[in-house]
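Now for the letters of each chain:
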Amino acid sequence: MLFNRFFRGLSHTSAWLVLTILFAIIIVLFHYSKSAIGDFGFFHFITNSKWIVGNDGNGGNFGGLIPILGTFLSSLIAMVFAIPIAMGIAIFLTEIAPEFLKAPVGIAVELLAAIPSIIYGMWGLFYFGPLLQSWFGGQSNSLLTAGVVLGIMVIPFMAALSRDAMNTTPSVLVESAYSMGATRYEVIKDIVFPFAKKGIIGSVILSLGRALGETMAVAFLIGGVFRFPDSLTSATISIPVLIANNFGEAGNLQLSAMFYMALILFIISFFTITIAKFYFLRKTD
Amino acid sequence: MKLAIQTKDFSFTYPKTKEATLKGINIPIYANKVTALIGPSGCGKSTLLRSCNRIHDVYPGNSYDGEILLYDNNGEKAENILQYKKENDLINLRQRIGMIFQKPTPFPMSIKDNITYGLKLSGIKNKTELLDRTEIALKGAALWEEVKDRLNNSAMGLSGGQQQRLCIARAVALKPQVLLFDEPTSALDPISTASIEALISELKNELTVLIVTHNMQQASRISDYTGFMYLGDLVEYDVTETIFLNPKEKKTEDYITGRFG
């Protein structure tokens with residue numbers, strides 16, 4: 001009886017702890033960004049492309065447009081790059097690969113997902129960035145490099161989730177499509193994909209959430225300069241990189257502006273994940 | 001009597017198993033008749049059924065032995081379907097031999113699209129023809145009156161019995177020679193079961209039916225011929241009445257009278 005109550009209490013506390021931490025984070029972000037919100041407002045802040053530290057080191061003119069744009073564009077490039085490849089891997093693993101290949105390729109995909117992001121960053125900085133530069137010109141540390149490496153980073157995650165979604169297609173449904181005279185391609189297109197659609201969209205959105213918040217690899221690759229990207233191959237900055245690079249020496253108002261950026265990133269990721277959950281949890285009609 | 005299918009010393013082995021699941025099966029399937037396969041679980045009746053449209057080939061590593069002859073509409077010329085290698089041959093085969101599964105398997109699309117799916121695959125594009133064939137197929141499956149006002153609704157919204165009739169309509173729309181039923185009523189209530197059985201008896205005017213069933217009453221109600229299978233062998237095959245009233249084999253009699261199985 002005592003034991004019962006003890007466990008009940010323990011599991012309740014654990015559950016509430018999660019909510020408490022979530023709210024604590026929101027409160028702290030909001031609290032520290034209050035002076036920047038007061039000074040710059042919302043629309044002015046997100047449309048202002050300047051980030052100038054005042055002469056005394058404390059004031060200044062701070063706007064979030066460039067890092068917000070950098071975050072969105074690098075994630076967008078990542079998605080454009082990752083989605084077709086991840087879908088190809090998922091289809092291969094569920095419908096095409098012979099049994100003896102399924103396990104090794106599946107494990108390789110999961111191993112890729114376990115590589116720490118700094119390793120992707122170094123690889124991109126020393127090898128992949130210069131390679132892209134030799135193909136497309138521009139700078140080796142650029143929106144394009146950051147986006148493509150981000151894409152490579154989320155591919156395993158997206159592929160694994162999509163594979164799991166496709167694996168839920170009942171085998172009788174697949175068999176009955178074959179028994180109507182469908183080819184393998186038609187079965188994938190007409191049965192497996194529509195059936196797994198929600199799970200696949202969910203996997204894309206969750207991957208997007210990861211790409212939006214990724215700091216380390218992007219810090220290596222996006223260039224880290226506060227400049228409007230006039231082409232795909234030019235260097236710019238993203239929200240996490242801005243914060244990581246400037247945290248040490250920031251004055252009061254700049255610090256507050258960075259908290260404001262963090263709050264915006266938090267809200268963006270929060271909404272992406274919420275949409276993903278909404279898709280995952282929604283029942284098929 | 002015309003033959004639709006005839007197996008000759010047909011054996012089947014699943015991947016990674018040493019012993020054959022079906023051992024030298026010889027069974028004739030007569031055209032425009034209902035042939036039932038009965039027997040305890042694991043006797044190989046579904047395996048035999050699933051060999052007839054080579055649906056086993058969806059998974060790799062199976063091995064076939066012997067012959068399964070599929071006759072043309074006149075019951076004269078026959079081809080050994082086990083010799084088909086190309087995807088195209090298998091597609092043609094599966095459009096000639098349709099299949100209905102244990103559980104209803106409506107595709108995640110509208111009622112109309114479910115019916116026209118196979119037709120479109122077979123190359124029919126003309127919209128009026130598609131609509132006409134949809135109506136004929138749904139009428140043939142006694143489903144038209146229930147769904148004619150909601151052809152564009154999702155097929156997932158139909159009841160279990162309606163879904164199963166939709167699957168039959170979908171298969172019938174392709175005008176197959178043979179329909180394979182793999183325990184088509186095991187997931188349905190008695191009323192839906194009765195309507196499916198009535199439908200099967202109707203269907204044999206146009207095509208040949210091979211049905212696997214666990215339910216012996218069902219076999220005796222709807223089939224003309226019955227094969228009793230046990231541990232991968234066809235123990236006895238005869239006119240349904242003879243199997244149920246005068247079985248020659250002791251094993252068959254034991255199974256029919258419920259002494260095992």
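Residues numbered from 1 in each chain as written. Chains lettered and ligands numbered in written order. Predicted model: local features only at pLDDT ≥ 70, side-chain atom pairs only at ≥ 80, totals over all residues. Heavy atoms only, no water.

Asks: So, the overall build of chain B: which residues are in play, and what are the values?
Replies: The helix and strand tally for chain B stands at 10 helices and 10 strands. Relative to its length of 261 residues, chain B is compact, with a C-alpha radius of gyration of 18 Å against a globular reference of 18 Å. Oriented by its inertia axes, the alpha-carbon framework of chain B measures out at about 55 × 40 × 40 Å. When each of the 261 residues of chain B is scored for burial, the buried share is 54%. Counted over contacts in chain B with a minimum sequence separation of 6, partners at least 24 positions apart contribute 67%. Here chain B contributes 32 positive and 31 negative side-chain charges, whose respective centroids are spaced 5 Å apart. (Helix = DSSP H or I, 4+ residues; strand = E, 2+ residues; numbered from the N terminus. Rg over C-alpha atoms; globule rule 2.2 N^0.38 Å. Buried < 20%, exposed > 50% of the residue type's maximum accessible area, 1.4 Å probe, protein only. Contact = heavy atoms within 4.5 Å. Lys, Arg positive; Asp, Glu negative; His and termini not counted. Charge placed at Lys NZ, Arg CZ, Asp CG, Glu CD.)

Asks: Provide a residue-level description of unusual backbone geometry, including the pertinent values.
Replies: Residues and elements named next belong to chain B. Even without glycine at this site, Asp 9 takes up a positive phi of about 45°. With respect to the helices and strands, Asp 9 occurs in strand 1 (residues 3–13). A positive phi angle, near 50°, is found at Lys 175, a position not held by glycine. Residue placement: Lys 175 occurs in the loop between helix 6 (160–172) and strand 7 (178–182). Of the residues examined, Lys 175 reaches a relative accessible area of 62% and is grouped as exposed.

Asks: I'd love a proper account of the sheet that holds strand 6 (residues 97–100) of chain B, names of residues and values included.
Replies: Residues and elements named next belong to chain B. Read across the sheet, six strands follow the order 6-7-8-3-9-10 without closing on themselves; strand pairing throughout is mixed. Among the strands making up the open sheet, the edge pair consists of strand 6 and strand 10 (233–239). Taking each pair of neighbouring strands and ignoring which way they run, the sheet shows an average axis angle of 15°. Examined bridge by bridge, strand 6 and strand 7 share four bridges and lie parallel to one another. Paired with Ile 100 across the bridge in strand 7 is Phe 181. Packing against the sheet, helix 6 makes contact with strand 6 and strand 7, and its axis sits at approximately 175° to strand 6. In the packing of helix 7 (residues 190–203) onto the sheet, contacts are made with strand 3 (34–38), strand 7 and strand 8 (208–212), and the angle to strand 7 comes to roughly 155°. (Pairing = 2+ DSSP bridges. Axes fitted to C-alpha atoms, helices over the stretch in contact; angles between N-to-C directions.)

Asks: Outline the environment of Arg 259 of chain B, listing residues and values.
Replies: Residues and elements named next belong to chain B. Topologically, Arg 259 is positioned in the segment after helix 10 (250–256). Note: C-alpha distance between Arg 259 and Leu 166 (93 residues apart in sequence) is 37 Å. Once residues within four sequence positions are removed from consideration, Arg 259 is found in contact with Lys 250 and Asp 254.

Asks: Describe the pattern of salt bridges, with residues and values.
Replies: In total, this model carries 16 salt bridges over all chains according to the counting rule given. With a closest N to O distance of 3.4 Å, Glu 99 of chain A and Lys 102 of chain A form a salt bridge. Here Glu 99 of chain A pairs with Lys 102 of chain A, and both are found in helix 4 (residues 99–114), just three residues apart, close to one helical turn. Looking at Lys 102 of chain A, the relative accessible area reads 25%, which means it is partly exposed. Here Asp 238 of chain B makes a salt bridge to Lys 248 of chain B, at a shortest N to O gap of 2.9 Å. In this pair, Asp 238 of chain B sits in strand 10 while Lys 248 of chain B sits in the loop between helix 9 (240–245) and helix 10, placing the two residues 10 residues apart along the sequence. Taking the relative accessible area as the measure of exposure, Lys 248 of chain B reaches 62% and is therefore exposed. (Salt bridge = Lys/Arg side-chain N within 4 Å of Asp/Glu carboxyl O.)

Asks: Break down the interface of chain A and chain B for me, citing the residues and quoting the values.
Replies: Taken together, the contacts link 19 residues of chain A with 23 residues of chain B. Contact between chain A and chain B buries roughly 1,900 Å² in total, counting both sides, with carbon and sulfur atoms accounting for 68%. For the chain A face of the interface with chain B, the top three residues by lost area are Glu 175, Ser 179 and Met 180 of chain A, together amounting to 35%. Counting every contact that joins chain A to chain B gives one salt bridge. Here Arg 50 of chain B ties to Glu 175 of chain A by a salt bridge, and the two come within 2.8 Å at their closest N and O atoms. (Buried area = accessible area lost by both parts, 1.4 Å probe.)

Asks: Requested: an account of the sheet that holds strand 4 (residues 63–71) of chain B, with residues and values cited.
Replies: Residue and element names in this part refer to chain B. Ordered in space as 2-1-4-5, the four strands form an open sheet in which the pairing is antiparallel. Single-partner strands in this sheet number two, and they are strand 2 (22–30) and strand 5 (78–80). Mean inter-strand twist for the sheet, computed between neighbouring axes without regard to direction, equals 10°.

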